[in-house]
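# Survey of secondary and tertiary structure
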Amino acid sequence: MRNVITLEELRTARLSLDGTVGFVPTMGYLHEGHLSLIRHAKEECDSVVVSIFVNPTQFGPNEDLAKYPRDLERDLRLIEPLGVDLVWTPTAEVMYPPGYQTWVEVEAVTRPLEGAMRPGHFRGVTTVVAKLFNAVQPHKAYFGQKDAQQAAVIRRMTLDLNFPIEIVVCPTVREADGLAMSSRNVYLSPEQRKAATVLFRSLSAAKELYESGERNAEALRRKMKEVLAAEPLAQVQYVSCADYDTLEELSEVRGKALLSMAVFIGKTRLIDNFVLG
Ligand code: AMP
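These numbers come from a predicted model, not from an experiment. (Residues numbered from 1 in each chain as written. Predicted model: local features only at pLDDT ≥ 70, side-chain atom pairs only at ≥ 80, totals over all residues. Heavy atoms only, no water.)

## Brief notes about the packing of aromatic side chains
Counted only if it meets this: Pairing of aromatic rings covers Phe, Tyr and Trp, the last counted by its six-membered ring, and requires centre-to-centre distances within 6.5 Å; plane angles under 30 degrees mean stacked, over 60 mean edge-to-face, and any other angle means tilted. Strands here are runs of E lasting at least two residues and helices are runs of H or I lasting at least four, both read from the DSSP assignment and numbered beginning at the N terminus. Partly exposed residues are those whose accessible area sits between 20% and 50% of the maximum for their type, while under 20% is buried and over 50% is exposed, using a 1.4 Å probe and protein chains only.
Enumeration over the complete set of coordinates arrives at nine aromatic pairs. Aromatic pair Phe23 and Phe133: ring centres 6.4 Å apart, planes at 70 degrees, arrangement edge-to-face. Remark: Phe133 occurs in helix α6 (residues 121-136) and Phe23 occurs in strand β2 (residues 21-26); sequence separation between them is 110 residues. The same class applies to Phe23 as to Phe133, namely buried.

## With respect to the pattern of salt bridges
The cut-off we apply is this: Just to be clear on terms, a salt bridge is a Lys or Arg side-chain nitrogen sitting within 4 Å of an Asp or Glu carboxyl oxygen.
Counted under the stated rule, the structure contains 16 salt bridges. Of the charged contacts, one joins Arg156 and Asp160 as a salt bridge, the two residues approaching to 2.7 Å between their closest N and O atoms. One end of the pair, Arg156, and the other, Asp160, are both in helix α7 (residues 148-160), four residues apart, so they sit about a helical turn from each other. Look at Asp160 and you get partly exposed, because its relative accessible area is 43%. Glu226 serves as the salt-bridge partner of Lys223, at 3.3 Å between the closest nitrogen and oxygen. Note that Lys223 and Glu226 are positioned in helix α10 (residues 217-229) at a spacing of three residues, about one turn of the helix. The exposure class assigned to Lys223 is partly exposed, which follows from its relative accessible area of 24%. Judged by relative accessible area, Glu226 falls into the partly exposed class, the value being 48%. Linked through salt bridges whose partners overlap, the residues forming this network are Glu44, Lys140 and Glu166.

## Here's the deal with helix α9 (residues 198-211)
Let me state the cut-off plainly: Take the number of residues in a helix, subtract one, and multiply by 1.5 Å to get its expected span. Throughout, the arc means the angular range of directions from the helix axis out to the C-beta atoms. Throughout, a residue-residue contact means that at least one pair of heavy atoms, one from each residue, lies within 4.5 Å.
In a regular helix each residue adds 1.5 Å, so 14 residues correspond to 20 Å; α9 covers 20 Å between its end C-alpha atoms and thus fits that length. Among the residues of α9, Val198, Leu199, Ser202, Leu203, Ala206 and Tyr210 are the ones counted as buried. The arc that holds the buried residues of α9, viewed along the axis, is 135 degrees, so those residues lie on one side. Set apart from the buried face of α9 by more than 90 degrees, the exposed residues are Glu208 and Glu211. Those residues of α9 that are buried are in contact with α8 (190-195), α10, β7 (234-243), β8 (257-265) and β9 (268-276). Just downstream of α9, Gly213 is the residue with a positive phi angle, here 115 degrees.

Here's what the structure looks like:
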């Protein structure tokens, strides 16, 4: 496994990769969710590239960029046994050289949900992913369903900008009690960690209602809010039942839909979602 930092090193190393190249972009502090993406890539591609870059441009001024968890040595130890060919760990100066002024913006699908709560977030995400795609030139790129809107935005951007890359979205990996794995879970105290299962419980309750035949989107949102309201440590930011591709709020669930939510447990902001249909 090679670890490269600069664009020149990355380009040279890329030239020596054989066959189909799978790419897994991450911000590091890896957990089973990230490792599952790498395993999917390994199964489907001849070579696998992983990037680790905490992208400053997708964090808002009041977000946790400075204290976002980082441990490169541990990450490399976790990746090593998976048979990854190349790990790219660019610095901020490599990605955003002095005088930087070029941005990629996707429109409607970035507006609701995470986009509404985190202005500028997706502009940072699409810009960095486009730059990573241009540098790595993979055949397939792997993203987690955990960040459902991000996956929808990247799918849109890939189509719109004619990237010849297949976007593969892999299932959310969860702890035994249902909490979606996230690098941010390390911020939770033991008491908050218990409370954090409320996201999974509320999504499960709404899914059960859907499976019993309920198709009224407001009834599904109401059910999620009801379960969340019973957890005193949870502060709800949004609860949504939206179209899977456009993320527009639904009044009735007919095709594929996304139940999603953002909830503060203390100062830690958690997101989770289920796909319906
Ligand atoms: P991040 O390092 O948080 O930017 O995540 C890198 C990639 O891992 C993204 O495509 C995420 O959607 C994906 N990911 C994060 N958590 C999970 C999870 N629990 N299950 C599956 N994929 C995940």
